[in-house]
Amino acid sequence: QVQLVESGGGLVQAGGSLRLSCAASGRTFSRYDMSWFRQAPGKEREFVAAISWSGSYTRYADSVKGRFTISRDNAKNTVYLQMNSLKPEDTAVYYCAADEAAVVPGRSVNAYDYWGQGTQVTVSS
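Remember, predicted model here, so these are calculated numbers, not experimental data.

Draft legend 1. Examining the nonpolar core more closely. Among the nonpolar cores identified, the biggest contains 35 residues, and Leu4, Met34, Trp36, Val79, Leu81, Met83 and Tyr94 are the most heavily contacted of them. Those elements that place two or more of their residues in this core are β1 (2–7), β3 (18–26), β4 (32–39), β5 (46–51), β7 (68–73), β8 (78–83), β9 (92–100) and β11 (119–124). Beyond its immediate stretch of four places on either side in the chain, leucine 4 contacts Cys22, Ala23, Ala24, Met34, Cys96, Ala97, Ala98, Tyr114, Trp115, Gly116 and Gln117.

Below, the structure is given as structure tokens:
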């Protein structure tokens, strides 16, 4: 079992930046691929970014590529999402997710077994 707790959300103006953190506890953090998803009101949960267990492989949704950066610190059992050049359409609840390491980290909600409670990000225009 892995427990995930997100933090760092808030209200920011368009063009601003935020850094989300996800602290993991329970099983060995370095055995897990990690990802970020988001869900806006009335929409399905969508993939944002993922990182392999070692940190050597990352992948991003086209909508955030070049603006968001996912990273991890296995010594601190934490994964981060640095979000720059934020847009109003980035407004959503952001969720951290974990799954046992695969060949490459997945992009599907169904690929992940463990989820955090979410943190709200609101970008004003």
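The structure having been displayed, the exposition proceeds.
Draft legend 2. Fine view of the sheet that holds β3. Reading across from one edge, β1-β3-β8-β7 is the order of the four strands in this open sheet, with antiparallel pairing throughout. Each edge of the sheet is formed by a strand with only one pairing partner; in this case those strands are β1 and β7. For this sheet, the mean angle separating the axes of adjacent strands, direction not counted, is 15 degrees. Sheet analysis places β7 next to β8, joined by six bridges and oriented antiparallel. Bridged to threonine 69 within β8 is glutamine 82.

Draft legend 3. Region of the structure containing the packing of aromatic side chains. A complete count under the given rule lists five aromatic pairs for this structure. Between tyrosine 112 and tryptophan 115 the ring centres are 6.4 Å apart and the planes differ by 70 degrees, which places this aromatic pair in the edge-to-face class. Using a relative accessible area of 5% as the deciding quantity, one classes tyrosine 112 as buried. What makes tryptophan 115 partly exposed here is its relative accessible area of 25%. The structure contains a cluster of three or more aromatic residues connected by ring pairs, namely Phe37, Phe47, Tyr112 and Trp115.

Draft legend 4. Region of the structure containing the side chain of glutamate 6. Within the element layout of this structure, glutamate 6 appears in strand β1. No salt bridge is formed by the buried glutamate 6; its nearest oppositely charged neighbour, arginine 45, is found at 7.5 Å. A distance of 3.0 Å separates the side chain of glutamate 6 from the backbone nitrogen of glutamine 117, its partner in a polar contact. Of note is the side chain of glutamate 6, whose polar atom sits 2.9 Å from the backbone nitrogen of glycine 118. If near-sequence neighbours (up to four positions away) are discounted, glutamate 6 is found in contact with Ser21, Cys22, Trp36, Tyr94, Tyr95, Cys96, Gly116, Gln117, Gly118 and Thr119.

Draft legend 5. Main features of unusual backbone geometry. One non-glycine residue, asparagine 77, lies in positive phi territory at about 55 degrees. Residue position: asparagine 77 is located in the loop between β7 and β8. Taking relative accessible area as the criterion, asparagine 77 reaches 27% and is therefore assigned partly exposed. In the Ramachandran plot, serine 85 falls in the positive-phi region, its phi being about 50 degrees despite a non-glycine side chain.

Conventions adopted
- Residues numbered from 1 in each chain as written.
- Predicted model: local features only at pLDDT ≥ 70, side-chain atom pairs only at ≥ 80, totals over all residues.
- Heavy atoms only, no water.
- Core = buried A, V, L, I, M, F, W, Y, C linked by side-chain atoms within 4.5 Å.
- Buried < 20%, exposed > 50% of the residue type's maximum accessible area, 1.4 Å probe, protein only.
- Helix = DSSP H or I, 4+ residues; strand = E, 2+ residues; numbered from the N terminus.
- Contact = heavy atoms within 4.5 Å.
- Pairing = 2+ DSSP bridges.
- Axes fitted to C-alpha atoms, helices over the stretch in contact; angles between N-to-C directions.
- Phe/Tyr/Trp six-rings, centres within 6.5 Å; stacked < 30°, edge-to-face > 60°.
- Lys, Arg positive; Asp, Glu negative; His and termini not counted.
- Salt bridge = Lys/Arg side-chain N within 4 Å of Asp/Glu carboxyl O.
- Polar contact = N/O pair within 3.5 Å; in protein donor to acceptor, adjacent residues only side chain to side chain.

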